[in-house]
Structures are given as C-alpha cells and as structure tokens.
Amino acid sequence: MVSHSELRKLFCSADAVCFDVDSTVIREEGIDELAKICGVEDKVSEMTRRAMGGAVPFKDALTERLALIQPSREQVQRLIAEQPPHLTPGIRELVSRLQERNVQVFLISGGFRSIVEHVASKLNIPATNVFANRLKFYFNGEYAGFDETQPTAESGGKGKVIKLLKEKFHFKKIIMVGDGATDMEACPPADAFIGFGGNVIRQHVKENAEWYITDFAELLGELEE
C-alpha cells in the first residue's frame, strides 16, 4: 500500500503520464456518441456501463456494441465535424504543464483512433503518443469490423501498452489516469494509478483507487507546489 504522500511524489517525478480518453480527457464516451449518430444510443450506453464496471470482457463488449452500431466512415467523420468531443475542464492546462516539465503524455483508449487523434491534436499530443482501436471500413465506406490485433482491443490492453512503453523508452515511472476498471487494471505495470471521477463516478474505481480525484486542478496544483 503506497501512502498518499508517496503517490504525490511519484506523480511529480514521473517520466510519463498516460491518460484514458473517454470520460477522462473528454466528457463523453466516444462509442456512445457514435451510437447516437447511428440511432442506437440506449442499447449501447447500457452495454458501455456494464463494460466499464468490469462486468464483461472488453473485447466482447466492443464487438457486441460495434455490431449494433455498424458505423460507416462517413458517420465517424460527421461525428468529429458536427459533434466534436468536449475536453474536460483543466485537462488542457494539466497536459501543457506536464509537457513544459518534459514529461511524455500518452493517450491510451479503448475508443477509436480517428476520434482520439482529433482529441490529441487539441492537446498538442503527437499522434505517435496515441494508442487506440482502429475501425475498419470497406472501400465504399461501410463498417467492416475493427483491428483485433491492437492491444487496446482486449481486457488488460492498457497494461500491455504501458509495458511496451517501458520497454521501448525505458521510462522509470509511469502514471495511469482514468475513470474505469480497465484503467485501474493497468497498474501494475504502471507505477501508480489515479482514479478520475470528474465526469462519471465508477463506484468500483472510487472505492479501490489509492488516489481518487474529481478535478484536474488537484493534479495541476501538485505540479505548481
């Protein structure tokens, strides 16, 4: 059990901070927004809730939801153009401050790369620091599945990405920040996990995270001290 003061020190001395995206960096769940555009919102949001609570294996939940949504390339582009995701208050300032301190910032998401790259561009995070699922489309733009070889397509995928980052860049301290069960499971190999409840509170995460915040200002404050 790490003490709160040790966790704070870890965060302030990290070489890399990895953020979940849906309901953490952005206010929405990208897959639910896609479901709205495709007219199957209610069914899909219930599935998302179950998946984020850890009740269903992640790949099964993703396959099931995408089979219902069947998003076309045009619908994904329309979502980004007409209903772009909203950044969570304080995230822009936090990412900027981390980057000023030469901390590498990564986005690791079970969501979709096309949407996550759009979010990354708003935060000056390079596309090479984005790990997310890739949707596949037929030549006519119709939905053709998703790339099941991506580590983020599976339960435990975020931990696999963090392990890969440690091996590739020799980071000594990586922090994972997120709202859901799949984020908490990434520690270890992450050196610390910070639960985030500013958009939605997942009870399982709130009860089990050693450090739980509801406002990114708290982390920004740690860096300013």
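Keep in mind that what you see is a predicted model, and the values were worked out from it rather than measured. (Residues numbered from 1 in each chain as written. Predicted model: local features only at pLDDT ≥ 70, side-chain atom pairs only at ≥ 80, totals over all residues. Heavy atoms only, no water.)

Peer 1: Whenever I open this one, the overall build of the chain confuses me. Can you help?
Peer 2: Broken down by element type, the chain carries twelve helices and eight strands. Dimensions along the principal axes, computed over C-alpha positions, put the chain at roughly 50 × 35 × 30 Å. Of all 225 residues assigned to the chain, the portion counted as buried reaches 52%. A sequence separation of at least 24 residues applies to 63% of the contacts in the chain between residues at least 6 apart. When the accessible surface of the chain is totalled, it reaches about 10500 Å², and 49% of it is carbon and sulfur. When the 27 basic and 34 acidic side-chain charges of the chain are each reduced to a single mean position, those positions are 4 Å apart. (Helix = DSSP H or I, 4+ residues; strand = E, 2+ residues; numbered from the N terminus. Buried < 20%, exposed > 50% of the residue type's maximum accessible area, 1.4 Å probe, protein only. Contact = heavy atoms within 4.5 Å. Areas by Shrake-Rupley, 256 points an atom, 1.4 Å probe, with all protein chains shown as cover. Lys, Arg positive; Asp, Glu negative; His and termini not counted. Charge placed at Lys NZ, Arg CZ, Asp CG, Glu CD.)

Peer 1: I would appreciate a short explanation of the pattern of salt bridges in the present structure.
Peer 2: Pairing between side chains of opposite charge can happen when their charged atoms approach one another. All told, the structure shown has ten salt bridges when counted by the stated rule. Between Arg 78 and Glu 74 there is a salt bridge; the shortest N-O distance is 3.9 Å. Note that Arg 78 and Glu 74 are positioned in helix α6 (residues 73-82) at a spacing of four residues, about one turn of the helix. The partly exposed category is assigned to Glu 74, whose relative accessible area is 45%. (Salt bridge = Lys/Arg side-chain N within 4 Å of Asp/Glu carboxyl O.)

Peer 1: Is there a simple way to think about the sheet that holds strand β6 (residues 174-178) in this case?
Peer 2: Sheet strands pair by backbone hydrogen bonding; their relative direction is either parallel or antiparallel. The strand order β3-β2-β1-β6-β7-β8 describes an open sheet built from six strands, whose pairing is parallel. The open sheet has two edge strands, β3 (130-133) and β8 (211-213), and neither has a second partner. Adjacent strand axes in the sheet meet at a mean angle of 20°, parallel and antiparallel pairs treated alike. When strand β1 (residues 16-19) meets strand β2 (residues 104-112), the two strands line up parallel, connected through four bridges. (Pairing = 2+ DSSP bridges. Axes fitted to C-alpha atoms, helices over the stretch in contact; angles between N-to-C directions.)

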